[in-house]
Amino acid sequence: MKILILGVNGFIGSTLTDKIMETTDWEVYGMDMDSDKLEKSIDHERFHFVEGDITINKEWIEYHVKKCDVVLPLVAIATPSVYVSDPLRVFELDFEANLEIVRQCVKYKKRVIFPSTSEVYGMSQDDSFNEETSQLVLGPINKQRWIYSCAKQMMDRVIYAYGVKEDFDYTLFRPFNWIGPRLDRVDSQKEGSSRALTLFISNILHHGEIKLVNGGEQRRSFTYIDDGIAALMKIIENKDGCATRRIFNIGNPTNDYSVKDFVSLLLEKFKGYPEYKSIAEATKVTVIDGEAHYGKHYEDAGFRVPSIQNAKDHLNWKPTTSMDDALTKTLDYYLVEKKEEATIQAA
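The text that follows walks through the structure, step by step, so that each part is easy to find.

Conventions and cut-offs
- Throughout, a residue's number is its position along its own chain's written sequence, starting from 1.
- Reporting of local features is limited, given that this is a predicted model, to residues whose pLDDT is at least 70; pairs of side-chain atoms are given and counted only at 80 or more, and all residues count toward the totals for whole chains, interfaces and linings.
- For side-chain calculations, the full set of non-hydrogen atoms in the structure is used, while hydrogens and water are omitted.
- Working definition: helices are DSSP H or I runs of at least four residues, strands are E runs of at least two. Numbering for both runs from the N terminus.
- Computation of the radius of gyration draws on C-alpha atoms alone. For the globule rule, the value is 2.2 Å times the number of residues to the power 0.38.
- Relative accessibility decides the category of a residue: with a 1.4 Å probe and only protein chains considered, values under 20% of the type maximum give buried, values over 50% give exposed, and everything between is partly exposed.
- By definition, residues are in contact when any of their heavy atoms lie within 4.5 Å.
- With residues, only the protein chains shown are counted as cover, and all accessible areas are computed by Shrake-Rupley using a 1.4 Å probe.
- Each pair of aromatic rings taken from Phe, Tyr and Trp, with Trp reduced to its six-membered ring, is defined by centres within 6.5 Å and is described as stacked if the planes are under 30 degrees apart, edge-to-face if over 60, and tilted in the remaining cases.
- Pairs of strands are assigned from DSSP output, requiring at least two bridges between the strands.
- Interaxial angle, 0 to 180 degrees, is taken between N-to-C directions of lines fitted to C-alpha atoms, where a helix line uses only the stretch in contact.
- By nonpolar core we mean a set of buried residues, namely Ala, Val, Leu, Ile, Met, Phe, Trp, Tyr and Cys, connected to one another through side-chain atoms within 4.5 Å.
- Counting rule for disulfides: a pair of cysteine sulfur atoms within 2.5 Å.
- Expected span, for any helix, means 1.5 Å times one less than how many residues it has.
- Here is how to tell: hold the view so the strands point away, follow the path from the first strand over the helix to the second, and if it runs clockwise the crossover is right-handed.
- Here the angle decides the label: under 35 degrees means roughly parallel, over 145 means roughly antiparallel, 65 to 115 means roughly perpendicular, and every other value means oblique.
- Each crossing gets its hand from how the near helix is turned against the far one by less than a right angle, where anticlockwise is left-handed and clockwise is right-handed.

1. Topic: the overall build of the protein chain
Consideration 1: From N to C terminus, the protein chain includes twelve helices and 13 strands.
Consideration 2: Its C-alpha atoms give the protein chain a radius of gyration of 20 Å, near enough to 20 Å, the size a compact globule of 347 residues would have.
Consideration 3: Along the first, second and third principal axes, the C-alpha atoms of the protein chain reach 55 × 45 × 40 Å.
Consideration 4: Split into buried and exposed, the 347 residues of the protein chain put 55% on the buried side.
Consideration 5: When contacts within the protein chain are restricted to residue pairs at least 6 apart in sequence, long-range pairs at least 24 apart make up 76% of them.
Consideration 6: Accessible area of the protein chain: about 15,300 Å², with a carbon and sulfur share of 47%.

See below:
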């Protein structure tokens, strides 16, 4: 099997590539703007990397769409601060650029595995979100934070429509707050440059303060990357067509935590690393208003709990990594393996 991964140097793309190289005989053709997360696979004979931008290197992409069997367009802006500060950039990349790629997959009759998002459920009030029945509820237009969710939802709808009209072979997967090694860099000094976990790690290391937006009462279901990749491997393999034209929530409903409790657990975990114990003990946790922090266009969902029955039934998959183990493995990576990225800045 030949697999095209766009955004191959990202959190999901790089981890998936390593897994494919380690456990299969598949070939991967990957594009990204950097390769720093691909050190394990970059020299593998079955991995073919090119440095490029999906909005520029369109001929290379079309050639490889024709050449490959499965396409994973993983390029997206997935940082909430950017949804508010630069919504047009989110729309142009997450929707417009990806739509071109999906249309090529339709044209050349190639299978696409597309990353939807737990954000499409928005402010749905269902106890757990079901891929087939849950309402997708977003805020008003002036809450620009929802442009990411809206762009992803529209991609879902377009792909689904191609499935109906063109018998297009696709799978949509919705990650629920995947965490783990290589999620983001933690040496950044810039607020809002990372997603929640790596932003908190960076804040502990460099700022001595974690800011809980709206008190951190919002809840999230955190999923360890290896569990997510195990599901993706089953989706790519698609044994007996088990994933064709289906949508899968890929999350861990047992790891449902408020952001406030998540931060408390993270700080306790930090204290288990002698070099960082005093830093964690000195870290302040403060409460800030969401609009004051992100701007007037901010709004958020109170909770996100996935139903994973589809994945259990059709993929024979369920997550196995507890929150405790997920945080331990993540901190081992950032504080031990990648210690140079976690260098504490002198006060």
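2. A closer look at the packing of aromatic side chains
Consideration 1: Throughout the structure, instances matching the rule amount to 13 aromatic pairs.
Consideration 2: Judged by centre distance (4.8 Å) and plane angle (20 degrees), the ring pair of Y121 and F129 falls under stacked.
Consideration 3: For F129, a relative accessible area of 0% puts it in the buried group.
Consideration 4: Ring centres of Y162 and F168 lie 6.3 Å apart, and the angle between their planes is 75 degrees; on these two criteria the pair is classed as edge-to-face.
Consideration 5: Taken together through their ring pairs, the aromatic side chains of Y121, F129, F176 and F303 make up a single cluster.

3. Re the sheet that holds strand β1 (residues 2–6)
Consideration 1: With respect to topology, seven strands assemble into an open sheet ordered β3-β2-β1-β4-β5-β6-β11, the strand pairing being parallel. Across the chains shown, the open sheet's two edge strands, defined by having one partner strand only, are β3 (47–51) and β11 (246–250). Sheet twist, expressed as the mean angle between neighbouring strand axes with direction ignored, is 15 degrees.
Consideration 2: Across four bridges, β1 lies against strand β4 (residues 70–73) in parallel orientation. Across the sheet, L4 pairs through a bridge with V71, a residue of β4.
Consideration 3: Along the sheet face, helix α5 (residues 147–166) touches β5 (111–115) and β6 (170–175) and points at about 155 degrees away from the line of β6.

4. Here's the deal with the nonpolar core
Consideration 1: Core analysis: the biggest nonpolar cluster contains 61 residues, and L16, I20, L72, I201, L232, L266 and F270 have the highest contact counts within it.
Consideration 2: When near neighbours in sequence (up to four residues on either side) are disregarded, L16 contacts I5, L72, I229, L232, M233 and I236.

5. Considering the state of the cysteines
Here is the idea: a disulfide is a covalent bond, and it sits between the sulfur atoms of two cysteines.
Consideration 1: This structure, assessed with the given rule, holds zero disulfides.
Consideration 2: C242 takes part in no disulfide bond, and the closest cysteine sulfur to it belongs to C105, at a distance of 19 Å.
Consideration 3: Judged by its relative accessible area of 17%, C242 falls in the buried class.

6. A short note on the environment of E337
Consideration 1: Note that E337 resides in helix α12 (residues 323–337).
Consideration 2: Sequence-wise, E337 and P181 are 156 residues apart; in three dimensions their C-alpha atoms are separated by 9.7 Å.

7. Some details on helix α1 (residues 11–23)
Helical geometry: 3.6 residues make up each α-helical turn, so side chains three or four residues apart lie on a common side.
Consideration 1: Along its 13 residues, α1 runs 19 Å from first to last C-alpha, staying within 8% of the 18 Å computed at 1.5 Å per residue.
Consideration 2: Within α1, ten of the 13 residues are buried, which leaves it mostly tucked inside the rest of the structure.
Consideration 3: Every buried residue of α1 is listed here: F11, I12, G13, S14, T15, L16, T17, D18, I20 and M21.

8. Digging into the pairing of β6
Consideration 1: For β6, a buried count of six out of six residues is recorded, marking the element as mostly surrounded by other parts of the structure.
Consideration 2: Across the two faces of β6 the burial is the same, with Y170, L172 and R174 and T171, F173 and P175 all buried.
Consideration 3: In this view, the connection linking β5 to its parallel neighbour β6 by way of α5 has right-handed handedness.
Consideration 4: Sheet topology places β6 next to β11; five bridges connect them, and they run parallel. From the neighbouring strand, F173 faces β11, where its bridge partner is F248.

9. Description of the environment of V259
Consideration 1: Structurally, V259 is set in helix α8 (residues 259–270).
Consideration 2: Of the residues examined, V259 reaches a relative accessible area of 13% and is grouped as buried.
Consideration 3: Remark: the alpha-carbon pair of V259 and I56, spanning 203 residues in sequence, is separated by 38 Å.
Consideration 4: With residues near it in sequence (within four places) discarded, V259 still touches F200, L212, G216 and Q218.

10. Things to note about the environment of R185
Consideration 1: Its place among the elements puts R185 in the loop between β7 (178–179) and α6 (196–206).
Consideration 2: On the basis of relative accessible area, R185 is assigned to the partly exposed category, the value being 39%.
Consideration 3: R185 sits 149 residues away from Y334 along the chain, and the two C-alpha atoms are 8.7 Å apart.

11. Focus: the packing of α6 against α8
Consideration 1: Taken N-terminus to C-terminus, the directions of α6 and α8 make an angle of 50 degrees; their axes are 11 Å apart at the nearest point. In terms of their interaxial angle, α6 and α8 are classed as oblique. Like other packed secondary-structure pairs, α6 and α8 cross with a definite hand, here right-handed. Of the residues in α8, those in contact with L197, F200, I201, I204 and L205 of α6 are V259, F262, V263, L266, L267 and F270.

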